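# Observations on chain architecture
Spelled out from the first residue to the last, the chains are:
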Amino acid sequence: MYVPFVDLKKQYQSIRKDIDNAIAQVIEETSFIGGKHVENFEQQFASLYGVKHCISVANGTDSLYILMKMLGIGAGDEVITVANSWISSSETISQTGARPVFIDIDPVFYSISEKDIEKVISPRTKAIIPVHLHGQVCEMDAIMQVANKYNIPVIEDCAQSHFSEYKGKRAGTMGLAASFSFYPGKNLGAYGDAGCVITNDDSLAEKVKMFARHGALKKHQHQIEGINSRLDGLQAAILSAKLPYILEWTEKRISRAASYQQHLSNIPWITLPEVRPNSKHTFHLYVIRCKQRDEVMKLLRDNGVETAIHYPTALPNMKAYQYLGYQPGDFPIATKYQDQILSLPIFPELADEQIAHIADTLRKFQG
Ligand SMILES: *Cc1c(COP(=O)(O)O)cnc(C)c1O
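Presented here is a report on the structure given in the accompanying data block. Every value quoted in this text rests on a predicted model; they were computed, and no experiment measured them.

What counts as what
Residues numbered from 1 in each chain as written. Predicted model: local features only at pLDDT ≥ 70, side-chain atom pairs only at ≥ 80, totals over all residues. Heavy atoms only, no water. Salt bridge = Lys/Arg side-chain N within 4 Å of Asp/Glu carboxyl O. Helix = DSSP H or I, 4+ residues; strand = E, 2+ residues; numbered from the N terminus. Buried < 20%, exposed > 50% of the residue type's maximum accessible area, 1.4 Å probe, protein only. Pairing = 2+ DSSP bridges. Axes fitted to C-alpha atoms, helices over the stretch in contact; angles between N-to-C directions. 1 Å grid on protein atoms, 1.4 Å probe; cavity = no way out; pocket = protein on both sides within 12 Å on 5 of 7 lines; lining within 4 Å. Points joined across faces, edges and corners; volume = space filled by probe spheres on them. Nonpolar A, V, L, I, M, F, W, Y, C, P; charged D, E, K, R; others polar. Domains from an automatic or database assignment. Expected span 1.5 Å × (residues − 1). Bend = angle between axes of the 7 residues up to and from the residue. Polar contact = N/O pair within 3.5 Å; in protein donor to acceptor, adjacent residues only side chain to side chain.

### As for the pattern of salt bridges
Using the criterion set out here, one finds 18 salt bridges in the structure. When the shortest N-O distance is used, the salt bridge between Asp77 and Lys126 registers 3.0 Å. Taken together, the residues Asp77 in the loop between helix H4 (60-70) and strand S2 (78-82) and Lys126 in strand S4 (residues 125-128) connect sequence positions 49 residues apart. By relative accessible area, Asp77 is classed as buried at 11%. Glu139 is paired through a salt bridge with Arg276; the nearest N and O atoms lie 3.2 Å apart. Of this pair, Glu139 sits in the loop between S4 and helix H7 (140-150) while Arg276 is found in the loop between helix H9 (233-264) and strand S10 (279-280), placing the two residues 137 residues apart along the sequence. Accessibility classification places Glu139 together with Arg276 in one group, the buried group.

### Focus on the sheet that holds strand S5 (residues 155-157)
Strands sit in the order S1-S9-S8-S5 across an open sheet of 4 strands; the sheet is mixed. On the outer flanks of this sheet lie strand S1 (53-57) and S5, each paired with one strand and no other. This sheet shows a mean twist of 20 degrees between the axes of neighbouring strands, independent of strand direction.

### Section: the layout of surface pockets
In this structure, the largest pocket encloses a volume near 510 Å³. Together, 26 residues line the largest pocket, and Trp86, Gln160, Tyr183, Lys186 and Tyr311 are the ones closest to its centre. At the level of secondary structure, the elements contributing two or more residues to the lining of the largest pocket comprise H4, helix H5 (88-95) and strand S8 (177-181). Counting residues per element, the lining of the largest pocket draws most heavily on H4, which supplies 3 residues. Counted by class, the lining of the largest pocket contains 11 nonpolar, 12 polar and 3 charged residues. Residues from two domains meet in the lining of the largest pocket; each of domain 1 (8-244) and domain 2 (246-363) gives at least three. Roughly 390 Å³ of internal volume is contained in the second largest pocket.

### A look at H9
The first and last C-alpha atoms of H9 sit 43 Å apart over 32 residues, in line with the 46 Å expected at 1.5 Å per residue. Of all the bends found along H9, the most pronounced is centred on Tyr245 and spans about 55 degrees. Of the residues flanking the start of H9, the one acting as N-cap is Asp232, its side-chain oxygen 3.2 Å from the backbone nitrogen of Leu234.

Now the structure itself:
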């Protein structure tokens, strides 16, 4: 049996008419950049999240960069983020001229170790970027408490946590602002690059919008120099066409994780993901842990199952961050786990039989 890591085609087939109509309409109206489809999506997404502003941008990396630039972050500043994430979370810090300050991960929930944040706060700390990795929300009460104590803005990286919740609040609504990616494989995915910022802060929202549109809110009135970071009409229309289904797809992901839990819980050498109490983990990724990860990955591949690693090298251990002078021992959990974590296939359409096949294959493993 073949089990792909993700199957974007199944989702397309299930809403083909909606998507095809949306695309045809944009082309018919030639509203390729800006225009009504982009505005519609921004309004719909903001209203789903119950926030005042959604500013669409070209991708999730830009949304982080733009937010930090508009908070005035630059050379001489420091921004705190987590040792295990996609490099966007930290490279955008460096792009502003600031220095990334990494924190180890929590051994159970894989998110930023909240208790270690206060130790690295300095007068140069200008923001904290918690990443709700895998769809699991960080311990936001503790993070907001320390951020508020030192008056440091929090930017939530929600690229992997669309519609995740913490104590009844959606990920992305607890910090000053949040960054979303709609990369095709994300829980809400466009058919190309796409992203957005959400915030309730009027002045930050205006700055973000201005910077992303060449520094001009009105044509030819450039108040600052900005960048070109736009969501295009086609992607906006595709995203809007998907929105009516997104909550249902999110619940299906959660049910796929429950099915994994059922099938895998009696395999003693595998550590299954744990959900933080009082939160909704939306399982962008289903990450297990085991000692002989590479052999397990090969066995699965030989049995038709595609898996992946998120991520094989913790950020501070990468060549790109050698200049920061960290030692692997500085991040013992992230460094240990980078050789043990394995992401199993997960997507809303993943069938129980496919999960059963994965479990049967894993049960055969003789280490
Ligand atoms: C995908 C991702 C991003 C970046 O999003 P792009 O749209 O690919 O630029 C940022 N942070 C995390 C944690 C991600 O997974």
